[in-house]
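Examination of the molecular architecture
Residue strings, one per chain:
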Amino acid sequence: MIVVTGATGNIGRPLVAALAQAGEEVVAVSRSAQPAGLPGGVRVAQADLGNFASIAPVLEGADAFFILLAGELNGPGEAATNLLDIAKRAGVKRVVLVSSQLSGTRSDTPSHNRLREFEAAVRASGLEYTILRPGGFASNAYAWSESVRTNRTVFSPFADVALPVIDPADIADVAAVVLREDDHAGQTYVLTGPEAIGPRRQAEMIAEVLGEDVTFVELSREDAHAAMSQFMPEDVVSGTLDVLGSPLPVEQQVSPDVHTVLGRPARPFSDWVARNLPAFK
Ligand SMILES: NC(=O)c1ccc[n+]([C@@H]2O[C@H](COP(=O)([O-])OP(=O)(O)OC[C@H]3O[C@@H](n4cnc5c(N)ncnc54)[C@H](OP(=O)(O)O)[C@@H]3O)[C@@H](O)[C@H]2O)c1
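Residues numbered from 1 in each chain as written. Predicted model: local features only at pLDDT ≥ 70, side-chain atom pairs only at ≥ 80, totals over all residues. Heavy atoms only, no water.

**Comments concerning the packing of helix α2 (residues 52–59) against helix α3 (residues 80–90)**
The condition that has to hold: To get an axis, a line is fitted to the C-alpha atoms, and for a helix only the part in contact is used. The angle between two axes follows their N-to-C directions and goes from 0 to 180 degrees. Per the convention used, a helix needs a DSSP run of H or I reaching at least four residues, while a strand needs a run of E reaching at least two, with both numbered from the N terminus. Relative orientations are named as follows: roughly parallel for angles under 35 degrees, roughly antiparallel for angles over 145 degrees, roughly perpendicular for angles from 65 to 115 degrees, and oblique for any other angle. In a left-handed crossing the near helix is turned counterclockwise from the far helix by less than a right angle, and in a right-handed crossing that turn is clockwise. Here, residues are in contact when the closest pair of their heavy atoms is within 4.5 Å. Nonpolar residues are Ala, Val, Leu, Ile, Met, Phe, Trp, Tyr, Cys and Pro. Charged residues are Asp, Glu, Lys and Arg, and all others, Gly as well, are polar.
Running from N to C, α2 and α3 cross one another at 20°; their axes reach a closest spacing of 9 Å. Classified by the angle their axes make, α2 and α3 are roughly parallel. With respect to the hand of their crossing, α2 and α3 are arranged in right-handed fashion. Along its contact with α2, which presents Phe 52, Ile 55, Ala 56 and Leu 59, the element α3 presents Ala 80, Asn 82, Leu 83, Ile 86, Ala 87 and Ala 90. Grouping the constituent residues of the contact of α2 with α3 by class yields nine nonpolar, one polar and no charged.

See the structure below:
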(Lines give C-alpha, C1' and ligand atoms only; values in the text may rest on other atoms or scores of the structure.)
Protein backbone atom coordinates (compact mmCIF):
# COMPACT_ATOMS: atom_id res chain seq x y z
CA MET A 1 0.00 0.00 0.00
CA ILE A 2 1.24 3.48 -0.93
CA VAL A 3 0.04 6.58 0.95
CA VAL A 4 0.14 9.80 -1.11
CA THR A 5 -0.12 13.25 0.51
CA GLY A 6 -0.87 16.30 -1.65
CA ALA A 7 -2.97 13.83 -3.66
CA THR A 8 -5.32 16.41 -5.18
CA GLY A 9 -2.57 18.75 -6.42
CA ASN A 10 -0.39 19.31 -9.49
CA ILE A 11 1.87 16.32 -8.75
CA GLY A 12 -0.50 14.25 -6.62
CA ARG A 13 -3.31 13.80 -9.14
CA PRO A 14 -1.20 12.32 -11.93
CA LEU A 15 0.79 10.34 -9.34
CA VAL A 16 -2.32 8.72 -7.86
CA ALA A 17 -3.55 7.95 -11.39
CA ALA A 18 -0.20 6.40 -12.39
CA LEU A 19 -0.01 4.24 -9.27
CA ALA A 20 -3.62 3.07 -9.62
CA GLN A 21 -3.01 2.33 -13.32
CA ALA A 22 0.00 0.22 -12.32
CA GLY A 23 -2.26 -1.84 -10.06
CA GLU A 24 -0.98 -0.47 -6.75
CA GLU A 25 -3.23 -0.09 -3.71
CA VAL A 26 -3.18 3.69 -3.24
CA VAL A 27 -4.47 5.81 -0.38
CA ALA A 28 -4.98 9.46 -1.40
CA VAL A 29 -4.74 11.87 1.54
CA SER A 30 -6.89 14.99 1.40
CA ARG A 31 -8.23 17.49 3.91
CA SER A 32 -11.60 16.92 2.22
CA ALA A 33 -13.70 13.83 2.86
CA GLN A 34 -14.70 13.53 -0.79
CA PRO A 35 -12.26 15.30 -3.09
CA ALA A 36 -13.46 15.43 -6.68
CA GLY A 37 -11.78 13.88 -9.68
CA LEU A 38 -9.63 11.08 -8.26
CA PRO A 39 -9.70 7.79 -10.19
CA GLY A 40 -12.37 5.29 -9.17
CA GLY A 41 -11.16 2.59 -6.81
CA VAL A 42 -8.67 4.86 -5.06
CA ARG A 43 -9.26 5.01 -1.31
CA VAL A 44 -9.38 8.53 0.17
CA ALA A 45 -8.21 9.20 3.72
CA GLN A 46 -9.21 12.50 5.28
CA ALA A 47 -6.17 13.84 7.12
CA ASP A 48 -3.99 16.95 7.28
CA LEU A 49 -0.21 16.94 7.04
CA GLY A 50 -0.35 20.08 9.20
CA ASN A 51 -1.42 17.73 12.03
CA PHE A 52 0.84 14.66 12.08
CA ALA A 53 -1.40 12.76 14.50
CA SER A 54 -4.13 12.73 11.83
CA ILE A 55 -1.78 10.87 9.44
CA ALA A 56 -0.79 8.12 11.91
CA PRO A 57 -3.82 5.84 11.38
CA VAL A 58 -3.60 6.30 7.60
CA LEU A 59 -0.03 4.95 7.57
CA GLU A 60 -0.84 1.70 9.41
CA GLY A 61 0.09 -1.13 7.05
CA ALA A 62 1.60 1.14 4.37
CA ASP A 63 4.78 0.06 2.56
CA ALA A 64 5.59 3.46 1.04
CA PHE A 65 4.82 7.08 1.94
CA PHE A 66 4.91 10.04 -0.46
CA ILE A 67 5.41 13.34 1.41
CA LEU A 68 4.46 16.63 -0.24
CA LEU A 69 4.32 19.89 1.72
CA ALA A 70 1.93 22.24 -0.04
CA GLY A 71 1.15 25.89 0.70
CA GLU A 72 1.66 26.97 4.30
CA LEU A 73 3.00 23.50 5.19
CA ASN A 74 6.29 24.94 3.89
CA GLY A 75 6.25 27.24 6.94
CA PRO A 76 7.10 26.33 10.56
CA GLY A 77 5.34 23.35 12.13
CA GLU A 78 5.82 20.19 14.21
CA ALA A 79 9.34 18.73 14.14
CA ALA A 80 9.74 16.80 10.87
CA THR A 81 11.42 13.94 12.75
CA ASN A 82 8.07 13.29 14.50
CA LEU A 83 6.42 12.46 11.17
CA LEU A 84 9.22 10.06 10.23
CA ASP A 85 8.94 8.40 13.66
CA ILE A 86 5.19 7.95 13.11
CA ALA A 87 5.89 6.40 9.69
CA LYS A 88 8.46 4.00 11.16
CA ARG A 89 6.12 2.92 13.96
CA ALA A 90 3.40 2.26 11.36
CA GLY A 91 5.72 -0.09 9.47
CA VAL A 92 6.50 2.13 6.45
CA LYS A 93 9.66 0.96 4.66
CA ARG A 94 10.13 3.55 1.93
CA VAL A 95 9.62 7.31 1.88
CA VAL A 96 9.74 9.72 -1.06
CA LEU A 97 9.92 13.48 -0.36
CA VAL A 98 9.18 16.34 -2.75
CA SER A 99 11.73 19.02 -1.89
CA SER A 100 13.06 21.72 -4.23
CA GLN A 101 16.16 22.30 -6.34
CA LEU A 102 16.73 25.39 -4.20
CA SER A 103 17.27 23.21 -1.12
CA GLY A 104 20.55 22.28 -2.78
CA THR A 105 21.51 25.39 -4.73
CA ARG A 106 20.60 28.04 -2.11
CA SER A 107 21.37 26.46 1.20
CA ASP A 108 20.47 29.51 3.30
CA THR A 109 17.20 30.84 1.81
CA PRO A 110 14.71 31.15 4.72
CA SER A 111 11.80 30.17 2.41
CA HIS A 112 13.26 26.66 2.12
CA ASN A 113 14.09 26.04 5.79
CA ARG A 114 11.15 23.67 6.21
CA LEU A 115 12.02 21.59 3.13
CA ARG A 116 15.65 21.37 4.31
CA GLU A 117 14.42 20.25 7.75
CA PHE A 118 12.35 17.50 6.07
CA GLU A 119 15.28 16.44 3.87
CA ALA A 120 17.46 16.04 6.97
CA ALA A 121 14.75 14.10 8.83
CA VAL A 122 14.19 11.77 5.88
CA ARG A 123 17.93 11.11 5.51
CA ALA A 124 18.33 10.42 9.23
CA SER A 125 15.20 8.26 9.50
CA GLY A 126 16.80 4.91 8.76
CA LEU A 127 14.03 4.31 6.19
CA GLU A 128 14.72 3.69 2.52
CA TYR A 129 14.35 7.15 0.97
CA THR A 130 14.46 9.11 -2.26
CA ILE A 131 14.42 12.91 -2.38
CA LEU A 132 13.04 14.74 -5.43
CA ARG A 133 14.34 18.27 -6.00
CA PRO A 134 12.31 19.84 -8.82
CA GLY A 135 13.01 23.25 -10.34
CA GLY A 136 10.19 25.69 -11.13
CA PHE A 137 6.90 24.08 -12.23
CA ALA A 138 5.23 24.56 -15.63
CA SER A 139 2.00 24.83 -13.64
CA ASN A 140 3.16 28.16 -12.16
CA ALA A 141 1.81 29.48 -15.49
CA TYR A 142 -1.71 29.03 -14.04
CA ALA A 143 -0.97 32.48 -12.54
CA TRP A 144 -1.37 33.85 -16.10
CA SER A 145 -4.54 31.96 -16.98
CA GLU A 146 -7.06 34.63 -16.01
CA SER A 147 -5.31 37.47 -17.88
CA VAL A 148 -4.86 35.22 -20.92
CA ARG A 149 -8.56 34.25 -20.84
CA THR A 150 -9.82 37.80 -20.39
CA ASN A 151 -7.22 39.97 -22.23
CA ARG A 152 -4.93 37.53 -24.08
CA THR A 153 -2.07 39.06 -22.05
CA VAL A 154 0.73 37.65 -19.89
CA PHE A 155 2.22 39.91 -17.19
CA SER A 156 5.59 38.76 -15.83
CA PRO A 157 8.96 40.09 -14.68
CA PHE A 158 12.29 38.92 -16.16
CA ALA A 159 10.96 38.30 -19.70
CA ASP A 160 14.03 36.60 -21.10
CA VAL A 161 15.59 34.95 -18.05
CA ALA A 162 15.41 31.28 -18.97
CA LEU A 163 14.79 28.36 -16.60
CA PRO A 164 14.07 24.69 -17.44
CA VAL A 165 10.55 24.52 -15.98
CA ILE A 166 9.29 21.01 -15.27
CA ASP A 167 5.88 19.52 -15.99
CA PRO A 168 4.41 18.25 -12.67
CA ALA A 169 3.26 15.15 -14.58
CA ASP A 170 6.95 14.29 -15.08
CA ILE A 171 7.59 14.70 -11.35
CA ALA A 172 4.63 12.36 -10.80
CA ASP A 173 6.03 9.81 -13.26
CA VAL A 174 9.42 9.88 -11.51
CA ALA A 175 7.71 9.58 -8.12
CA ALA A 176 5.69 6.58 -9.28
CA VAL A 177 8.88 4.80 -10.37
CA VAL A 178 10.87 5.51 -7.21
CA LEU A 179 7.92 4.56 -4.99
CA ARG A 180 7.56 1.19 -6.74
CA GLU A 181 11.10 0.16 -7.72
CA ASP A 182 14.05 -0.88 -5.56
CA ASP A 183 16.94 0.89 -7.30
CA HIS A 184 16.53 4.45 -6.03
CA ALA A 185 17.23 4.23 -2.30
CA GLY A 186 19.45 7.03 -1.00
CA GLN A 187 19.18 9.01 -4.26
CA THR A 188 18.48 12.73 -4.57
CA TYR A 189 17.17 13.59 -8.05
CA VAL A 190 17.13 17.10 -9.53
CA LEU A 191 14.14 17.30 -11.86
CA THR A 192 13.93 19.87 -14.68
CA GLY A 193 12.26 20.26 -18.04
CA PRO A 194 14.03 19.61 -21.36
CA GLU A 195 15.09 23.22 -22.15
CA ALA A 196 15.51 26.56 -20.40
CA ILE A 197 12.83 29.05 -21.51
CA GLY A 198 11.91 32.51 -20.23
CA PRO A 199 8.42 33.88 -19.53
CA ARG A 200 8.25 35.67 -22.92
CA ARG A 201 8.91 32.36 -24.71
CA GLN A 202 6.36 30.60 -22.47
CA ALA A 203 3.76 33.23 -23.49
CA GLU A 204 4.62 32.58 -27.16
CA MET A 205 4.10 28.85 -26.61
CA ILE A 206 0.70 29.51 -24.99
CA ALA A 207 -0.21 31.62 -28.04
CA GLU A 208 0.95 28.87 -30.43
CA VAL A 209 -1.12 26.20 -28.67
CA LEU A 210 -4.15 28.56 -28.41
CA GLY A 211 -3.78 29.56 -32.04
CA GLU A 212 -4.24 33.22 -31.06
CA ASP A 213 -2.03 36.23 -30.35
CA VAL A 214 -0.97 36.74 -26.72
CA THR A 215 0.62 40.05 -25.66
CA PHE A 216 3.56 39.94 -23.24
CA VAL A 217 3.94 42.79 -20.72
CA GLU A 218 7.15 42.83 -18.67
CA LEU A 219 6.66 43.85 -15.04
CA SER A 220 9.33 45.52 -12.90
CA ARG A 221 10.59 43.48 -9.95
CA GLU A 222 8.81 45.96 -7.65
CA ASP A 223 5.43 45.52 -9.38
CA ALA A 224 5.81 41.73 -9.40
CA HIS A 225 6.73 41.83 -5.69
CA ALA A 226 3.61 43.84 -4.85
CA ALA A 227 1.37 41.48 -6.84
CA MET A 228 2.85 38.28 -5.36
CA SER A 229 2.80 39.64 -1.79
CA GLN A 230 -1.00 39.50 -1.89
CA PHE A 231 -0.97 35.71 -1.73
CA MET A 232 2.54 34.59 -0.64
CA PRO A 233 4.63 35.16 2.52
CA GLU A 234 7.30 37.83 2.23
CA ASP A 235 10.33 35.49 2.36
CA VAL A 236 8.81 33.25 -0.33
CA VAL A 237 8.19 36.26 -2.62
CA SER A 238 11.77 37.51 -2.24
CA GLY A 239 13.28 34.03 -2.66
CA THR A 240 11.15 33.32 -5.74
CA LEU A 241 12.01 36.65 -7.40
CA ASP A 242 15.73 36.08 -6.69
CA VAL A 243 15.62 32.78 -8.58
CA LEU A 244 13.43 34.06 -11.42
CA GLY A 245 15.54 37.20 -11.89
CA SER A 246 19.05 36.06 -11.03
CA PRO A 247 19.27 32.29 -11.38
CA LEU A 248 22.58 30.60 -10.68
CA PRO A 249 24.11 28.90 -13.76
CA VAL A 250 23.29 25.48 -12.26
CA GLU A 251 19.61 26.48 -11.94
CA GLN A 252 19.48 27.21 -15.68
CA GLN A 253 20.93 23.83 -16.64
CA VAL A 254 18.86 20.89 -17.80
CA SER A 255 19.28 17.97 -15.39
CA PRO A 256 19.61 14.44 -16.81
CA ASP A 257 17.69 12.86 -13.92
CA VAL A 258 14.19 12.67 -15.49
CA HIS A 259 15.70 10.84 -18.47
CA THR A 260 17.79 8.61 -16.21
CA VAL A 261 14.80 7.47 -14.16
CA LEU A 262 12.15 7.34 -16.90
CA GLY A 263 14.24 6.39 -19.94
CA ARG A 264 12.68 9.25 -21.92
CA PRO A 265 13.20 13.02 -22.05
CA ALA A 266 11.14 15.41 -19.91
CA ARG A 267 7.99 16.82 -21.53
CA PRO A 268 8.25 20.31 -23.12
CA PHE A 269 6.26 23.26 -21.70
CA SER A 270 3.97 23.14 -24.78
CA ASP A 271 2.75 19.68 -23.68
CA TRP A 272 1.66 21.08 -20.32
CA VAL A 273 -0.14 23.97 -22.06
CA ALA A 274 -1.92 21.59 -24.47
CA ARG A 275 -3.17 19.41 -21.59
CA ASN A 276 -4.30 22.47 -19.62
CA LEU A 277 -5.68 24.53 -22.50
CA PRO A 278 -9.18 25.04 -20.97
CA ALA A 279 -7.52 27.19 -18.26
CA PHE A 280 -6.35 29.65 -20.95
CA LYS A 281 -9.30 29.60 -23.43
N1 LIG B 1 5.77 25.54 -7.75
C2 LIG B 1 7.07 25.41 -7.94
O3 LIG B 1 7.67 26.02 -8.85
C4 LIG B 1 7.86 24.48 -7.05
C5 LIG B 1 9.23 24.30 -7.31
C6 LIG B 1 9.96 23.40 -6.50
C7 LIG B 1 9.33 22.74 -5.44
N8 LIG B 1 8.00 22.96 -5.21
C9 LIG B 1 7.36 22.25 -4.10
O10 LIG B 1 6.28 21.45 -4.60
C11 LIG B 1 5.28 21.36 -3.59
C12 LIG B 1 3.93 21.72 -4.18
O13 LIG B 1 3.51 20.69 -5.07
P14 LIG B 1 2.10 20.80 -5.84
O15 LIG B 1 2.15 21.99 -6.76
O16 LIG B 1 1.80 19.47 -6.41
O17 LIG B 1 1.12 21.13 -4.65
P18 LIG B 1 -0.30 21.84 -4.73
O19 LIG B 1 -0.96 21.44 -6.01
O20 LIG B 1 -0.14 23.29 -4.44
O21 LIG B 1 -1.06 21.23 -3.46
C22 LIG B 1 -1.21 19.84 -3.31
C23 LIG B 1 -2.30 19.53 -2.32
O24 LIG B 1 -1.85 19.71 -0.99
C25 LIG B 1 -2.99 19.72 -0.16
N26 LIG B 1 -2.74 20.53 1.02
C27 LIG B 1 -2.63 20.04 2.27
N28 LIG B 1 -2.42 21.01 3.15
C29 LIG B 1 -2.39 22.15 2.46
C30 LIG B 1 -2.22 23.50 2.82
N31 LIG B 1 -2.01 23.85 4.11
N32 LIG B 1 -2.26 24.43 1.85
C33 LIG B 1 -2.46 24.10 0.55
N34 LIG B 1 -2.64 22.81 0.14
C35 LIG B 1 -2.61 21.86 1.10
C36 LIG B 1 -4.15 20.18 -1.01
O37 LIG B 1 -5.05 19.09 -1.07
P38 LIG B 1 -6.40 19.01 -0.22
O39 LIG B 1 -7.07 20.33 -0.33
O40 LIG B 1 -7.13 17.90 -0.94
O41 LIG B 1 -6.00 18.67 1.18
C42 LIG B 1 -3.52 20.41 -2.38
O43 LIG B 1 -4.36 20.01 -3.46
C44 LIG B 1 5.72 22.29 -2.44
O45 LIG B 1 6.39 21.55 -1.44
C46 LIG B 1 6.71 23.21 -3.11
O47 LIG B 1 7.66 23.72 -2.21
C48 LIG B 1 7.25 23.80 -5.98
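**Some words on the sheet that holds strand β1 (residues 2–4)**
As a reminder of what qualifies: Strands are labelled as partners when DSSP assigns at least two bridges between them.
Strand order in this open sheet of seven strands is β3-β2-β1-β4-β5-β6-β8, and the pairing throughout is parallel. What marks the edges here is a single partner per strand, and that holds for β3 (43–46) and β8 (187–191). Adjacent strand axes in the sheet meet at a mean angle of 20° when their direction is disregarded. As paired elements, strand β4 (residues 64–67) and strand β5 (residues 94–98) share four bridges and run parallel to each other. Following the sheet pairing, Phe 65 is matched in β5 by Val 95. Running over the sheet, helix α7 (residues 168–180) touches β1, β4, β5, β6 (128–134) and β8 and is turned about 170° from β6.

**Observations concerning the packing of aromatic side chains**
How we decide: Only rings of Phe, Tyr and Trp enter the pairing, Trp through its six-membered ring, and a pair is recorded when the two centres are within 6.5 Å. The plane angle decides the type: under 30 degrees is stacked, over 60 is edge-to-face, the rest tilted. To sort residues, take the accessible area from a 1.4 Å probe on protein chains only and compare it with the maximum for the residue type: under 20% means buried, over 50% means exposed, and anything in between is partly exposed.
Tallying each qualifying case throughout the model produces four aromatic pairs. Ring geometry for Phe 52 and Phe 118: centres 6.5 Å apart, planes at 90°, overall edge-to-face. Residue Phe 52 is located in helix α2, and its partner Phe 118 is located in helix α5 (residues 113–124); the two are separated by 66 residues in the primary sequence. Neither residue differs from the other here; Phe 52 and Phe 118 are each classed as buried. In this structure an aromatic cluster arises from ring pairing among Tyr 142, Phe 269, Trp 272 and Phe 280.

**Focus on the environment of Ser 103**
On the secondary structure map, Ser 103 appears in helix α4 (residues 102–105). Residues Ser 103 and Glu 78, 25 residues apart in the sequence, show an inter-C-alpha distance of 19 Å. Those residues in contact with Ser 103 that sit more than four places away from it in its chain are His 112, Leu 115, Arg 116, Glu 119 and Arg 133.

**Things to note about the site of the ligand**
Here is the rule we go by: Throughout, near means a residue has at least one heavy atom within 4 Å of the molecule or strand. Counted as a polar contact is a pair of N or O atoms within 3.5 Å, where, for protein atoms, one must be capable of donating a hydrogen and the other of accepting one, and residues adjacent in sequence contribute only when both atoms are in side chains. Surface exposure here means Shrake-Rupley accessible area, sampled with a 1.4 Å probe, where a residue is shielded only by the protein chains that are shown.
The immediate surroundings of the ligand are formed by 23 residues, with Thr 8, Ser 30, Arg 31, Leu 69 and Asn 140 found nearest. In the environment of the ligand, an oxygen atom lies 2.7 Å from a nitrogen or oxygen atom belonging to the side chain of Thr 8. Interatomic distance of 2.8 Å between a side-chain N/O atom of Asn 10 and an oxygen atom of the ligand. Out of a free accessible area of 920 Å², the ligand has 77% covered by protein chains.

**A few points about helix α9 (residues 221–228)**
Defined as follows: Directions pointing from the helix axis toward each C-beta atom define the arc.
Restricting attention to buried positions, one finds in α9 the residues Ala 224, His 225 and Met 228. Looking down the long axis of α9, one finds its buried residues gathered within 105° of arc, a one-sided arrangement. Looking at the packing, one finds that the buried side of α9 touches α10 (234–245).

**Here's the deal with the nonpolar core**
Heads up, the rule is: Here, the term nonpolar core denotes a set of buried Ala, Val, Leu, Ile, Met, Phe, Trp, Tyr and Cys residues that are joined through side-chain atoms within 4.5 Å.
Counting 32 residues, the largest nonpolar core has Val 4, Leu 15, Phe 66 and Leu 132 as its most contacted members. For this core, the elements supplying multiple residues, two or more each, are β1, α1 (12–21), β2 (26–30), β4, β5, α7, β8 and α12 (257–262). Sort the elements by how many residues they give to this core and α7 lands first, with eight residues. Counting residues in hydrophobic clusters, the runner-up holds 31 residues, among them Met 1, Val 3, Phe 65 and Leu 115.

**Re the pattern of salt bridges**
The following threshold applies: By definition, a salt bridge exists where a carboxyl oxygen of Asp or Glu is found within 4 Å of a side-chain nitrogen of Lys or Arg.
The full count for this structure, using the stated rule, is 18 salt bridges. Arg 123 serves as the salt-bridge partner of Glu 119, at 3.1 Å between the closest nitrogen and oxygen. Within this pair, Glu 119 and its partner Arg 123 are both found in helix α5, separated by four residues, close to a single helical turn. For Arg 123, a relative accessible area of 36% puts it in the partly exposed group.

It is worth stressing that arrangement in space is one thing and function is another; only the former is reported here.
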